[in-house]
4 protein chains.
Amino acid sequence: MERGFNIIRTARAIVRVTDLEASRDFYVHALGFIETEADDNHIYLRGLEDQGHHCYVLKKADKPGVEVISYKVSCEEDLDKLETFFAGKGLPTKWVEAGSQRAIGRALRVKDISGIPVEFFCKMDRVERLLQRFDLYKGARMQRIDHFNCMVPDVQKAYDFYIDKLGFRCSEYTTTAKMDERIWAAWLHRKPAVHDVAYMNGKGPRLHHTGFWLSDPMSVIDTCDVLASMGYAKNIERGPGRHGLSNAFFLYLRDPDGHRVELYTGDYFTGDPDFEPVRWDLDDPQRATFWGHEAPDSWFEEAMEFLDVTSGEKVTTEEAKLEKRKPDFVM
Amino acid sequence: MERGFNIIRTARAIVRVTDLEASRDFYVHALGFIETEADDNHIYLRGLEDQGHHCYVLKKADKPGVEVISYKVSCEEDLDKLETFFAGKGLPTKWVEAGSQRAIGRALRVKDISGIPVEFFCKMDRVERLLQRFDLYKGARMQRIDHFNCMVPDVQKAYDFYIDKLGFRCSEYTTTAKMDERIWAAWLHRKPAVHDVAYMNGKGPRLHHTGFWLSDPMSVIDTCDVLASMGYAKNIERGPGRHGLSNAFFLYLRDPDGHRVELYTGDYFTGDPDFEPVRWDLDDPQRATFWGHEAPDSWFEEAMEFLDVTSGEKVTTEEAKLEKRKPDFVM
Amino acid sequence: MERGFNIIRTARAIVRVTDLEASRDFYVHALGFIETEADDNHIYLRGLEDQGHHCYVLKKADKPGVEVISYKVSCEEDLDKLETFFAGKGLPTKWVEAGSQRAIGRALRVKDISGIPVEFFCKMDRVERLLQRFDLYKGARMQRIDHFNCMVPDVQKAYDFYIDKLGFRCSEYTTTAKMDERIWAAWLHRKPAVHDVAYMNGKGPRLHHTGFWLSDPMSVIDTCDVLASMGYAKNIERGPGRHGLSNAFFLYLRDPDGHRVELYTGDYFTGDPDFEPVRWDLDDPQRATFWGHEAPDSWFEEAMEFLDVTSGEKVTTEEAKLEKRKPDFVM
Amino acid sequence: MERGFNIIRTARAIVRVTDLEASRDFYVHALGFIETEADDNHIYLRGLEDQGHHCYVLKKADKPGVEVISYKVSCEEDLDKLETFFAGKGLPTKWVEAGSQRAIGRALRVKDISGIPVEFFCKMDRVERLLQRFDLYKGARMQRIDHFNCMVPDVQKAYDFYIDKLGFRCSEYTTTAKMDERIWAAWLHRKPAVHDVAYMNGKGPRLHHTGFWLSDPMSVIDTCDVLASMGYAKNIERGPGRHGLSNAFFLYLRDPDGHRVELYTGDYFTGDPDFEPVRWDLDDPQRATFWGHEAPDSWFEEAMEFLDVTSGEKVTTEEAKLEKRKPDFVM
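Every chain's residues receive numbers from 1 upward, in the order its sequence appears when written. To label them, take the chains in the order written and letter them from A, then take the ligands in the order written and number them from 1. Local features in this predicted model are restricted to residues whose pLDDT is 70 or higher, and side-chain atom pairs enter the listing and the counts only when it is 80 or higher, whereas totals over whole chains, interfaces and linings include all residues. The side-chain quantities take in all heavy atoms of the structure and omit both hydrogens and water.

Describing the overall build of chain A
Consideration 1: To qualify as a helix, a DSSP run of H or I must reach at least 4 residues; to qualify as a strand, a run of E must reach at least 2; elements of each kind are numbered from the N terminus. Of regular secondary structure, chain A possesses 5 helices and 18 strands.
Consideration 2: Counting only C-alpha atoms, chain A reaches 50 × 45 × 40 Å along its principal axes.
Consideration 3: Burial statistics for chain A: of 331 residues in total, 68% are counted as buried.
Consideration 4: Here a residue-residue contact requires only that any non-hydrogen atoms of the pair lie within 4.5 Å. Put simply, of all contacts in chain A between residues at least 6 apart along the chain, 71% involve residues at least 24 apart.
Consideration 5: What sets the accessible areas is the Shrake-Rupley method with a 1.4 Å probe; for residues, cover comes only from the shown protein chains. Summing over all exposed atoms, chain A offers an accessible surface of approximately 10900 Å²; the carbon and sulfur share of this is 45%.
Consideration 6: Lys and Arg are tallied as positive, Asp and Glu as negative. Neither His nor the chain termini are counted. Charge placement uses NZ in Lys and CZ in Arg. For Asp and Glu, CG and CD serve respectively. Charge centroids of chain A, computed over 45 positive and 56 negative side chains, lie 2 Å from each other. Burial classes follow relative accessibility: with a 1.4 Å probe on protein chains only, a residue under 20% of its type's maximum area counts as buried, one over 50% as exposed, and anything between as partly exposed.

A look at the interface of chain D and chain A
Consideration 1: Each partner contributes to the interface: chain D provides 35 residues, whereas chain A provides 35 residues.
Consideration 2: Surface buried jointly by chain D and chain A totals about 2900 Å² across both partners, of which 52% is contributed by carbon and sulfur atoms.
Consideration 3: For salt bridges, the criterion is a side-chain nitrogen of Lys or Arg within 4 Å of an Asp or Glu carboxyl oxygen. Scanning the region where chain D abuts chain A turns up 6 salt bridges.
Consideration 4: Here A:Arg126 and D:Glu276 are joined by a salt bridge, their closest N and O atoms 3.1 Å apart.
Consideration 5: For this analysis, a polar contact is any N or O atom pair within 3.5 Å, provided that within protein one partner can donate a hydrogen and the other can accept it, and provided that sequence-adjacent residues contribute only side-chain to side-chain pairs. Applying the counting rule to chain D against chain A returns 16 residue pairs in polar contact (both at pLDDT 80 or more).
Consideration 6: Those elements that provide at least two residues to the side of chain D that touches chain A are strand 1 (7-17) and strand 17 (278-281) of chain D.
Consideration 7: Under the grouping applied here, Gly and all other residues not named as nonpolar or charged are polar, the nonpolar ones being Ala, Val, Leu, Ile, Met, Phe, Trp, Tyr, Cys and Pro and the charged ones Asp, Glu, Lys and Arg. Split into classes, the residues belonging to the side of chain D that touches chain A amount to 13 nonpolar, 8 polar and 14 charged. Here the quantity called buried area is the accessible surface, traced with a 1.4 Å probe, that two parts lose on coming together, added over both.

Regarding the sheet that holds strand 7 (residues 107-111) of chain C
All names here are of chain C.
Consideration 1: Pairing between strands requires that DSSP locate at least two bridges from one strand to the other. Across the sheet, which stays open at both edges, the 8 strands sit in the order 2-3-4-1-5-8-7-6 with mixed pairing between neighbours. With partners counted over all chains shown, the strands left at the sheet margins are strand 2 (34-38) and strand 6 (93-96), one partner each. Averaged over all neighbouring strand pairs, the angle between strand axes comes to 25°, with direction disregarded.
Consideration 2: As defined by bridge partners, strand 6 adjoins strand 7 across 4 bridges and the pair is classed as antiparallel. Its bridge partner being in strand 7, Trp95 is matched across the sheet by Leu108.
Consideration 3: Angles here are taken between N-to-C directions and fall from 0 to 180 degrees, while the axes themselves are lines fitted to C-alpha atoms, restricted in helices to the stretch in contact. Sitting on the sheet, helix 2 (residues 76-88) is in contact with strand 5 (65-73), strand 6, strand 7 and strand 8 (117-121), with an inclination near 155° to strand 6.

Concerning the domain arrangement of chain A
Residues and elements named next belong to chain A.
Consideration 1: The start and end points of each domain follow an automatic or database-based domain assignment. Along its sequence, chain A is carved into domain 1 (7-121) and domain 2 (139-305).
Consideration 2: Taken together, the 45 residues of domain 1 in the interface contact 43 residues of domain 2.
Consideration 3: Interface of domain 1 and domain 2: buried area, both sides summed, is about 3500 Å²; carbon and sulfur atoms make up 69% of it.
Consideration 4: It is Thr10, Phe26 and Leu31 that lose the most area in domain 1 upon contact with domain 2, and together they represent 18% of the buried surface on that side.
Consideration 5: Counting the contacts that link domain 1 with domain 2 gives 1 salt bridge.
Consideration 6: In this structure, Glu49 engages Arg144 in a salt bridge whose closest nitrogen and oxygen atoms are separated by 2.8 Å.
Consideration 7: In this structure, the connection of domain 1 to domain 2 is made through 13 residue pairs in polar contact (both at pLDDT 80 or more).
Consideration 8: Looking at the side of domain 1 that touches domain 2, the elements that each hand over two or more residues are strand 1 (7-17), helix 1 (20-30), strand 5 (65-73) and helix 2 (76-88).

Regarding the interface of chain C and chain A
Consideration 1: Listed by partner, the interface residues are 12 residues for chain C and 12 residues for chain A.
Consideration 2: Interface area, chain C with chain A, both sides summed: about 840 Å², of which 63% is carbon and sulfur.
Consideration 3: A per-residue breakdown of the area chain C buries against chain A is headed by C:Phe134, C:Asp135 and C:Ser229, which together make up 48% of the total.
Consideration 4: Our enumeration of links across chain C and chain A arrives at 0 salt bridges.
Consideration 5: Our count for the contact surface shared by chain C and chain A stands at 4 residue pairs in polar contact (both at pLDDT 80 or more).
Consideration 6: Counted by class, the side of chain C that touches chain A contains 4 nonpolar, 2 polar and 6 charged residues.

Details of the relation of the copies chain D and chain A
Consideration 1: Superposing the copies works by least squares over the C-alpha atoms of residues that have pLDDT at least 70 in both of them. Its rotation angle being 180°, the transformation that places chain D on chain A also includes 0.0 Å of axial translation and leaves an RMSD of 0.0 Å. The transformation relating the two chain copies, once decomposed into turn and shift, fits a two-fold axis. Among all C-alpha atoms of chain D, that of D:Asp216 lies closest to the rotation axis, at 2.7 Å.
Consideration 2: Take the interface residues of chain D: 100% of them recur as interface residues in chain A, which is what a same-surface contact looks like.

With respect to the relation of the copies chain C and chain A
What relates the pair of chain copies is a rotation about an axis plus a shift along that axis.
Consideration 1: When chain C is fitted to chain A, the best match, at an RMSD of 0.0 Å, comes from turning it 180° and sliding it 0.0 Å along the axis.
Consideration 2: When the interface residues of chain C are mapped onto chain A, 100% of them are again interface residues, pointing to one common binding face.

Observations concerning the sheet that holds strand 5 (residues 65-73) of chain D
Residues and elements named next belong to chain D.
Consideration 1: Spatially, 2-3-4-1-5-8-7-6 is the arrangement adopted by the 8 strands of the open sheet, whose pairing is mixed. Where the open sheet ends on each side, the last strands, each with one partner, are strand 2 (34-38) and strand 6 (93-96). Here the average twist between neighbouring strands, direction ignored, is 25°.
Consideration 2: Judged from the 4 bridges that link them, strand 3 (residues 42-46) and strand 4 (residues 56-60) form a sheet pairing that is antiparallel. Bridge pairing in strand 4 links Tyr44 to Val57.

Side note on the pairing of strand 4 (residues 56-60) of chain C
Consideration 1: By the bridge criterion, 5 bridges tie strand 1 (residues 7-17) of chain C to strand 4 of chain C in an arrangement that is parallel. Residue C:Arg16 lies in a different strand from strand 4 of chain C, and its bridge partner there is C:Lys59.

Description of the packing of aromatic side chains
To describe a pair of aromatic rings, you give the distance between the ring centres and the angle between the ring planes.
Consideration 1: Stacked, edge-to-face and tilted labels apply to pairs of Phe, Tyr and Trp rings (six-membered ring for Trp) whose centres lie within 6.5 Å, assigned for plane angles under 30 degrees, over 60, and everything in between, in that order. A full pass over the atoms with the stated rule returns 104 aromatic pairs over all chains.
Consideration 2: A ring pair is formed by A:Tyr162 and A:Phe168, whose centres lie 5.1 Å apart and whose planes are at 75°; its orientation type is edge-to-face. Considered together, A:Tyr162 and A:Phe168 belong to a single accessibility category, that of buried residues.
Consideration 3: An aromatic cluster is built from A:Phe5, A:Tyr71, A:Phe85, A:Phe86, A:Phe120, A:Phe148, A:Phe161, A:Tyr162, A:Phe168 and A:Tyr199, whose rings are joined through pairwise contacts.
Consideration 4: Our definition puts a charge over a ring when NZ of Lys or CZ of Arg is within 6 Å of the ring centre and also within 35 degrees of the ring normal. Sitting over the ring of D:Tyr268, A:Arg129 keeps its end group 4.2 Å from the ring centre.

Here we look at the environment of D:Asp225
Consideration 1: Secondary-structure assignment places D:Asp225 in helix 4 (residues 217-229).
Consideration 2: The class for D:Asp225 is buried, based on a relative accessible area of 2%.
Consideration 3: Measuring from C-alpha to C-alpha, the distance between D:Asp225 and D:Leu136 comes to 18 Å, with 89 residues separating the pair along the chain.
Consideration 4: Among all residues touching D:Asp225, those that are not within four sequence positions of it are B:Phe134, C:Arg242, C:Phe290 and C:Trp291.
Consideration 5: Of note is the side chain of D:Asp225, whose polar atom sits 2.5 Å from the side chain of C:Arg242.

Quick notes on the UniProt feature "domain: VOC" (unreviewed entry) in chain A
Residue and element names in this part refer to chain A.
Consideration 1: In this numbering, the UniProt entry assigns the feature "domain: VOC" (unreviewed entry) to residues 9-123 and 144-266.
Consideration 2: Across residues 9-123 one finds 21% helix and 41% strand; the C-alpha atoms that close the span lie 13 Å apart.
Consideration 3: Between the C-alpha atoms that bound residues 144-266 there is a distance of 13 Å. The span itself is 20% helix and 43% strand. UniProt positions are given in the numbering used here, feature names are shortened, and annotations may be inferred rather than shown by experiment.

What follows is the structure, encoded as structure tokens:
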């Protein structure tokens, strides 16, 4: 790595929820996450293929919000280099020492270029992988965390920062000649899949959704049936459907606090150095959601606020710099 | 049969289309119907499991419309008994002699109690069954015809006629105490599945859709992908989704002339004499489309007009007798 | 019905098992049958779509065996007519009065032409249908009972009796010119599917398997995974695969006592009076199991003995009249 | 990379076939590979997600054999470094200049530590990606190449070379205390999936199979049906089934010349630096093929010979160093 640090992949999110029991019903009993452990204020969830302790943390709080989104890095040294890099850019950084967070080692928290609280760590406790305990599979049969999708007012700025400074690569993006080809939305990755993080033009910074990987389309269909029979039909916001962008088969859900979760299966390999990003024109009617279904307004307008990495207060949001649109093909 | 005649099942529909080639593209190339044969004015389509010559006839005409919906009966004698029965009720009947329609024997056409042109026949030419020619499967992998769904202004009248006089049985129905339990919609069958014909309260008589059976849910998903990649995304009107009523996994399509086709898989056995019909309350919010997705307005408002069995003119439609609604759970 | 009685469908089997708890683990926890109720000596199982109390009874006994296979008839009067018919043929009959069997009304038990203990009844207690309780689905997501498959030494005799006397119809059969077209195996139905009962040439009478209906192929695949993760890999005897005959997607399992269960999905409609049975030649190498996999010897040789309807002792078996074969395509 | 070169992934194989037309029928018409182009002596095949010109080359020859297996590297400089590395080990190397092979740039061919002809290149012509042309999907809906599996007489030697010298990582391996924990089989990767190459103890070096990625299990099932209906049932050698190792859902086929192809879907992410390889004991009966089906002898004994990178003659094979076994769980 010319940058001196090596970000591996999307690793976990810590989301604030107002009722742990209601969240457990949704994530564990309905969606089929594995509950690694819990205490009075947290539930630690993992997917069926995870060797790591968790990939999603539900943290009890008075109001919903997103505390941090985290990436796994290669080694301890990477954390120091990242601290140097962010501090050098004048961006706030904060160390969270090993032992102060359950199951992970030393972590670096920063405020990124868009104001998003981002965490980096390299060590997480290992637990039993349950990939072949099919008798425990239920609901969505959650395999692993896949990506974050963030709404930000200036996608181009986030894009430039993550591509040029952090070493992410772009798999697909949306733009238009009318906007001088400024990036309207972009899918960026470190692992060789479609994304670890996507940025969409919109009021932000806000977390639009966290995406989780499923092994096949029938798991998505079965999830709809299970959710509906448990009284969660209203939590199905969009889909199932096929994304034009990414080609993934998807379903969007809202948890009891409004956090959006995407079930996602079927993208492709992007690891070739000469992989050529796919361009989608914002104005091209052919680029609509692949099956032509319109997404609901809530999907375009609603997203979850972040908490400031230093103050813990809600991060101030700004309106989008580019024209706001409701293109059907954005995911 | 105490009635003296034995209706077996939904057998075929004859629909008028304005452009045979455009219809062929949709039904044969995209959906995967087998084209048994064609002439200048007709295309005869069958499903993969059909031993019979066809189950759907596309007939060239200036304007779209539905010429007739047909049921297969047990034997020739049934036709005579049905003629006697309908004539005795003062309902118009017409014989179509063997040889005058491609591949079927003598047929009786009648105007039923709702004004719908209905045909009965017992003989159809046999052709090669292609059920195990998986190399020919494409698109929706259409297996067989399943049912008709008709909008009529007086569902109770159609229900009474088909149940009491024609020997159909009811699998599921919609009503409400507010309407003195008058039937708002009903699913009626002769074969032991959910339906051969359904009636829904609405302006009519009109054919809402013809339903075709698929062998599994992935065939529905694959159909969406194939349609979208062939430029037919706009022809996907509703779904995929799960019906509360019938429990079937469904997709609604509109053909190039606006004829609605349902792809349908997964109902259940209804052949027990003591099978108890499932009642759905029109006002019960719990009875919504199983996954909670709202159907588009077009699905509730648009349907195809029938042609009069005697005159060949469009059958006059009337507004619905009961309150018109857009309940999500009707299918 | 010219015969005066109307057999509706395959309804239930009563199988003897040596360890109720071991059987519960297999059928309920692994395969996902619904346990309607149990007492010290019985477990009553039903499928997800059943309105009836049960379709499979596990009865505790010292040794495994099959007590009876049952068909549902249309009405009480049918039972009397069947009693008259069987008695008239000199075949043993026995009434089991209402109240003496859990959840069913008066039942007629007979020894059929092959020596098989067969039961007829028309009434069964109704229970809640769980078809849309997807949150309860697990394992194979058992939908309903589908058919019995019996090994008998003289298939032609069983065929003639069920076709000519009991009003069954044949969907598919195996024969060969070398055997003067005598029936080697036959699939017979009352409901309009491929079968309610099949007879195969072999040492018998013995119950080869009871078939249960699943809604889609992925339920078969998921069953294999669940069984394997619960330690039941050795109970998977054959499949998954595609039958040439019937076209069904199948899996054969052995329960802890050796009772064979088929998971079965995907056959076709056979209710047309002019449906033409499919003939398979025993010697035609093209007729092999559709994907060409050979079935294990155990599948051809092992089957479960019946208990005499009168004495309760094991029914004496005889060797097959026709040449024994191991054709791959028999199911 | 401390080694100074960066191998990206499994890229292509060149296999010799005796009848191009027979091969086209199998790979293109039955399995659904995309034929990018062909000349009198070659057919160039790619998967549905490929941006690259091909991932599998059929080359006409008198006798079947494997000319080379290829990996994509990051850049031109990597090729030079690899040449220096192999030459330094005394292993034969050969440059194939740009322009001399269809659609790829300069390539380095080497004889690896096991005697296998291996090729490295970084540039391949780009072509239209057909991932969303679902109307062109057929057969197995081949997505992309995934891995090679080679039989070698000394797995430990290959393992050490690829891990220590070429920077591969191990995801899963088989060993046993009885053999002093010497590696019996190993799955090695550069891309963060289960493997780019696997080595199994056996007579070799020979290519056991080339694995291709499918997007979901139903594509595997559908492939069996399509192959069988096209007369290729005999080409289905093993499966469908679930691997214990890798957890993938698989099917093994033999092409008209005996080349073995694996259809493969469903492995997991292995990109974490602290990912812990899964150890399987050769003697542990619990580690059998997940569903317990035994693989046929042909699968353990037959494999395809390589051609020497320098002479073009068949590479001499040796018997396996470790005990030969037929453990069910090897894949």
